[in-house]
Amino acid sequence: MDTEKKRIAKSPVKPAVKKATPKKVVAKAPAKKSAKTTIALDKSSSVNLQTIVFQLRYHTIYGQSILVTGNHPLLGGGDLQKAIPLQYQNDDLWAVSIDFGSNGLDQELQYQYILQNADGSNSIDAGNDKRIVPGQWNCSHLIGIDSWNFGGYFENAFYTEPFANVLLKANRTPVSLSVPKKTTHVFKVKTPLLPKGQTVCLLGSSKGLNKWETDKPILLARQEGDAYYSVSLDLSKEIFPMAYKYGIYDTETKQFLQFEQGNNRVLYEINLPDQQTLIHDGFMVLPNLNWKGAGVAIPVFSLRTEKSLGVGEFTDLKVLVDWAKQVGLKMIQILPVNDTTATHTWTDSYPYAAISAFALHPMFLNLDLLADKKTKPSLDRIKREHAGLNELDEVDYETVNQIKLEFLREVFVAQKSSFQKNADFVSYFKLNKHWLEPYSVFCYLRDNYGTADFNQWPAYQHYHEAEIAELIQDGSDAYEGICFHYFIQYQLHLQLKSATEYAHQNGIIVKGDIPIGIYRYGADAWQHPELYHMEMQAGAPPDGFAIKGQNWGFPTYNWQKMLENGFAWWKQRFEQMHYYFDAFRIDHILGFFRIWSIPMDAVEGIMGYFVPAIPIHINEFNSKHIWFDFYRYTSPYITENILWEIFGYENETVKQQFLEKDGYGGYKLQTAFNNQRKVEAHFRALPSDDYHQKLKQGLYDLISNVLLFEVKGSQGQQFHFRIGMDSTSSFRNLDSHTQAELKSLYLDYFYKRQDDFWKQEAMQKLPALKRVTNMLVCGEDLGMVPSCVPDVMQQLGLLSLEIQRMPKDSQKQFFHPNDAPYLSVVTPSTHDMSTIRGWWEEDRTATQQFYNSELGQWGEAPFFCEAWINKAVVLQHLYSPAMWSVFQLQDLLGMDVTLRRENPNDERINIPANPQHYWRYRMQMTLEQLMEATNFNESFAQSITASGR
């Protein structure tokens with residue numbers, strides 16, 4: 001033994017792993033039953049793979065256990081509830097032996113491990129790259145030695161589709177390996193960032209591993225489609241245990257470059273007859289050489305080219321790609337591009353109010369690509385009549401959509417007999433039938449009945465497949481009108497697909513956006529009303545950008561129903577994104593933890609509360625010695641002083657027209673005006689002048705002047721706090737003891753008691769959804785962020801969003817890009833806020849502090865955001881350690897006085913506080929002109945290169 005210790009110790013670092021032999025736990029195949037063959041096996045193999053021993057090297061603590069799950073029936077068939085438990089060997093090793101019967105494993109096996117904690121929560125081994133293909137093994141017993149892959153390892157990001165298929169694709173180095181006559185061991189390891197001309201090598205303490213001789217390394221190769229570098233070896237004559245390490249080898253200079261860092265890896269022998277061993281060694285331990293990239297963010301509708309027709313189109317993305325490549329950007333990020341056509345008016349311009357989570361918006365079609373000899377004269381006429389449309393500063397949403405739909409109908413009539421026979425369309429239709437048919441029928445009925453509100457339709461108010469099947473039958477009166485929408489969606493699919501493929505060819509990825517909600521009167525709500533709480537409205541609590549909160553109007557999700565069908569609708573959404581995008585942003589990812597829910601009788605977001613949430617029980621008031629006055633706490637608190645404070649001299653008019661005595665010395669709202677929706681309806685018929693707006697807002701403020709919302713059905717026993725309770729006049733009129741105790745309960749309600757509960761909610765949804773996609777996923781984690789959110793996002797490897805003027809640390813006024821975590825996206829602004837230049841003029845005090853503390857400048861800050869200031873902010877973000885720095889195009893143009901708009905307020909895309917905002921921002925120049933801005937482009941390209949992005 002002493003001799004063996006000395007032999008292993010000759011390696012670069014002493015081994016530190018204990019030997020363990022797995023106890024055999026056998027799960028036998030069912031009698032007279034085997035899994036269906038899904039791949040063709042290597043018929044030259046004369047031995048069936050009958051037994052696999054799964055070993056996981058993972059340090060566990062008391063109360064934890066390990067399970068294995070996979071796509072084979074003996075591993076649960078993909079059902080996590082049927083996963084197979086491993087048996088404890090020691091604190092660092094778990095194992096189980098699975099017997100596949102005399103017929104052996106007859107399909108490609110994909111598997112993952114599950115860590116089960118004492119509290120019942122689970123974590124799942126990240127990735128889907130642990131695979132065993134039976135035809136590749138010539139043995140009856142296989143030992144699989146695996147490493148746990150924590151989802152938060154930053155290396156996992158580099159195996160997502162944008163990196164594997166685009167950004168790092170050119171880095172792969174082909175290596176030819178000779179296969180030994182006899183294979184006993186296959187070593188596999190991952191490392192994502194090796195440059196072209198380098199590969200992984202292996203050395204170790206035994207003769208078969210060349211005794212650490214760096215001039216004779218064993219090379220590994222990475223096959224197409226495989227995440228691992230691998231090598232097959234014959235170690236049948238070696239002495240175990242053996243120490244080994246991976247290293248890096250330069251294939252051009254044929255030199256060994258370096259060993260990986262950390263302790264030696266150690267391999268022990270397990271003696272089974274006719275066995276081979278597969279070692280999944282996880283990631284190499286290398287210095288932190290993180291990849292960084294930069295991107296541009298702009299809505300498609302905001303693009304402008306010389307060939308545009310008043311709005312950006314999918315084909316314009318190709319010109320944007322050309323510019324991005326010219327300056328060295330690697331990502332294009334866009335807003336949602338789903339169809340929002342509900343009323344055929346400008347109010348449909350809101351890109352997050354999609355009538356379908358799957359359908360694309362018709363206005364993004366390029367008409368030139370659709371015109372043929374028969375329809376081209378009409379298109380030429382449209383261009384002549386609307387020549388000024390492309391010169392407008394902003395999008396004329398109604399005109400653009402009207403002329404495009406009119407021309408599309410003409411094209412459809414000309415091509416309807418041929419497009420449905422197209423084999424590619426047939427394939428597209430088959431893959432998308434689950435949403436395309438309901439959506440197309442919905443659009444037909446919307447236009448036929450003159451409203452998207454299906455509750456008002458004279459027929460088909462409820463979706464029934466049998467009735468819909470009759471409508472879509474060839475020969476029905478509705479058939480041609482429905483097919484028109486098939487045609488549009490297919491053409492949109494082709495044009496967007498072409499644009500993203502062009503981006504990939506030029507080394508650029510495209511990032512999409514998944515809205516958190518759906519439009520209340522859309523195809524999704526019509527087809528699957530059971531998946532939504534139609535009686536509620538989604539929104540966001542008050543913040544610095546919307547002091548009354550936000551009411552998006554979307555129904556909230558019925559997560560319990562979605563869970564029952566395995567989140568099928570969400571998985572279909574992710575699959576749809578996969579058609580076109582490499583990465584996506586989850587809008588308001590906090591909604592997966594809890595959603596701000598507003599009753600239908602409320603207008604303002606401030607009337608909402610989080611769902612789900614653990615409510616306050618009436619006994620908690622008693623325990624705080626608070627005398628509980630149900631009417632006082634749950635009803636609007638209205639006194640003479642409050643009326644004067646809100647309405648001034650108009651208070652008498654308000655009392656006479658809207659209020660009545662409450663019998664307690666105060667007032668209450670008349671039944672006709674006792675909620676915000678009734679007030680809204682009353683003022684809708686009156687002039688929208690300052691006087692009436694003041695009265696309406698004042699009544700809204702009276703209605704929201706409450707402390708608690710009763711939980712429906714609790715019979716006065718449970719309550720939610722109104723957000724910002726302590727800022728209400730109702731609260732200010734309480735005695736000091738009651739104020740202090742209520743505030744204590746309030747803080748506990750919002751910031752303590754919910755955290756673990758919300759974490760469980762998120763972990764019930766997000767891991768299941770993350771497993772069905774290999775796209776790079778970013779979460780918009782802004783607003784009132786629960787303390788559990790960063791941990792959940794880290795566990796799942798989700799990129800966070802970091803914004804300089806929205807620090808997540810409440811003790812700081814600004815967030816510095818230098819403090820960003822690596823797995824994050826940093827940006828100085830988003831579409832929901834003003835640009836750098838616009839923000840500079842909003843708050844002089846904040847600007848001055850930013851100028852001195854964040855930019856490190858002395859003296860008084862310039863009143864306007866000069867170009868050098870704008871550039872300094874951009875550079876801060878470029879040099880951030882974050883994986884991605886992404887900029888709105890307006891913020892980039894702000895670095896050049898000759899390119900940016902004169903008025904920075906004209907650069908803003910959305911104002912969240914205004915639910916009726918018109919989304920119509922357009923670039924002030926064409927992309928062709930931008931490409932010719934040589935000085936700007938060269939300077940920006942140099943900045944990107946210098947920052948290492």
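Look a little higher up for the structure.
A. Examining the overall build of the protein chain more closely. Along the backbone of the protein chain there are 27 helices and 38 strands. Relative to the globule expectation of 30 Å for 949 residues, the C-alpha radius of gyration of the protein chain, 32 Å, shows essentially globular dimensions. Structurally, the protein chain occupies a C-alpha span of about 100 × 80 × 70 Å along its principal axes. Within the protein chain, buried positions represent 57% of all 949 residues. Contacts in the protein chain between residues far apart in sequence, at least 24 positions, make up 73% of those at least 6 positions apart. Carbon together with sulfur atoms contributes 50% to the accessible area of the protein chain, which is approximately 41,600 Å² in total. A distance of 8 Å separates the average location of the 93 positive side-chain charges in the protein chain from that of its 107 negative side-chain charges.

B. Layout of the sheet that holds strand S34 (residues 718–721). If you walk across this open sheet you meet the 3 strands as S30-S34-S33, and the pairing is antiparallel. For this open sheet the edge positions go to strand S30 (616–617) and strand S33 (708–710), each flanked by a neighbour on one side alone. In the sheet, S30 pairs with S34 via 2 bridges, with the strands oriented antiparallel. Counted as the bridge partner of His617 is Gln718 from S34. Strands S30 and S34 of the sheet are contacted by helix H19 (residues 736–751), whose axis makes an angle of about 85 degrees with S34.

C. The side chain of Arg573, seen in detail. As for its position among the elements, Arg573 is in helix H11 (residues 568–580). Asp524 is the oppositely charged side chain nearest to the buried, salt-bridge-free Arg573, at an N-O distance of 6.9 Å. Not counting the four nearest positions on each side in its chain, Arg573 is found in contact with Ala357, Phe358, Ile514, Pro515 and Tyr557.

D. View of the packing of aromatic side chains. Per the stated rule, a full pass over the model turns up 86 aromatic pairs. When the ring of Trp346 is compared with that of Tyr918, the centres are 4.9 Å apart and the planes differ by 35 degrees; the resulting orientation is tilted. Of this pair, Trp346 sits in the loop between strand S21 (331–333) and helix H4 (376–385) while Tyr918 sits in the loop between helix H25 (889–893) and helix H26 (927–931); the two residues are 572 residues apart in sequence, bridging distant segments of the chain. An angle of 65 degrees between the planes, with centres 6.2 Å apart, marks the rings of Phe412 and Phe419 as edge-to-face. Accessibility classification places Phe412 together with Phe419 in one group, the buried group. Ring pairing ties together the aromatic residues Phe358, Trp435, Tyr439, Tyr532, Tyr557, Trp559, Phe567, Trp569, Trp570, Phe574, Phe584 and Phe592, which thus form one cluster. The ring of Trp570 carries Arg573 above its face, with NZ or CZ at 4.8 Å from the centroid. Over the ring of Tyr637 we find Arg632; its NZ or CZ atom is 3.7 Å from the centre of that ring.

E. Region of interest: the sheet that holds strand S29 (residues 609–611). With antiparallel pairing, 4 strands are arranged side by side in an open sheet as S25-S24-S28-S29. Strands at the two margins of the open sheet, each flanked by one partner only, are strand S25 (550–551) and S29. Sheet topology places strand S24 (residues 536–540) next to strand S28 (residues 595–599); 4 bridges connect them, and they run antiparallel. Pairing of Gln537 across the sheet is with Ile598, part of S28.

F. Spatial organisation of unusual backbone geometry. Residue Pro241 follows Phe240 across a cis peptide bond; omega there is 0 degrees. With respect to the helices, strands and loops of the structure, Pro241 is situated in the loop between strand S15 (229–233) and strand S16 (242–250). For the bond running from Val611 to Pro612, omega is -5 degrees, close enough to zero to count as cis. One non-glycine residue, Asn210, lies in positive phi territory at about 65 degrees. Mapping Asn210 onto the fold places it in the loop between strand S12 (198–204) and strand S13 (218–219). On the basis of relative accessibility, which here comes to 25%, the residue Asn210 falls in the partly exposed class.

Definitions and limits used
Residues numbered from 1 in each chain as written. Predicted model: local features only at pLDDT ≥ 70, side-chain atom pairs only at ≥ 80, totals over all residues. Heavy atoms only, no water. Helix = DSSP H or I, 4+ residues; strand = E, 2+ residues; numbered from the N terminus. Rg over C-alpha atoms; globule rule 2.2 N^0.38 Å. Buried < 20%, exposed > 50% of the residue type's maximum accessible area, 1.4 Å probe, protein only. Contact = heavy atoms within 4.5 Å. Areas by Shrake-Rupley, 256 points an atom, 1.4 Å probe, with all protein chains shown as cover. Lys, Arg positive; Asp, Glu negative; His and termini not counted. Charge placed at Lys NZ, Arg CZ, Asp CG, Glu CD. Pairing = 2+ DSSP bridges. Axes fitted to C-alpha atoms, helices over the stretch in contact; angles between N-to-C directions. Salt bridge = Lys/Arg side-chain N within 4 Å of Asp/Glu carboxyl O. Phe/Tyr/Trp six-rings, centres within 6.5 Å; stacked < 30°, edge-to-face > 60°. Lys NZ or Arg CZ within 6 Å of the ring centre and 35° of its normal.

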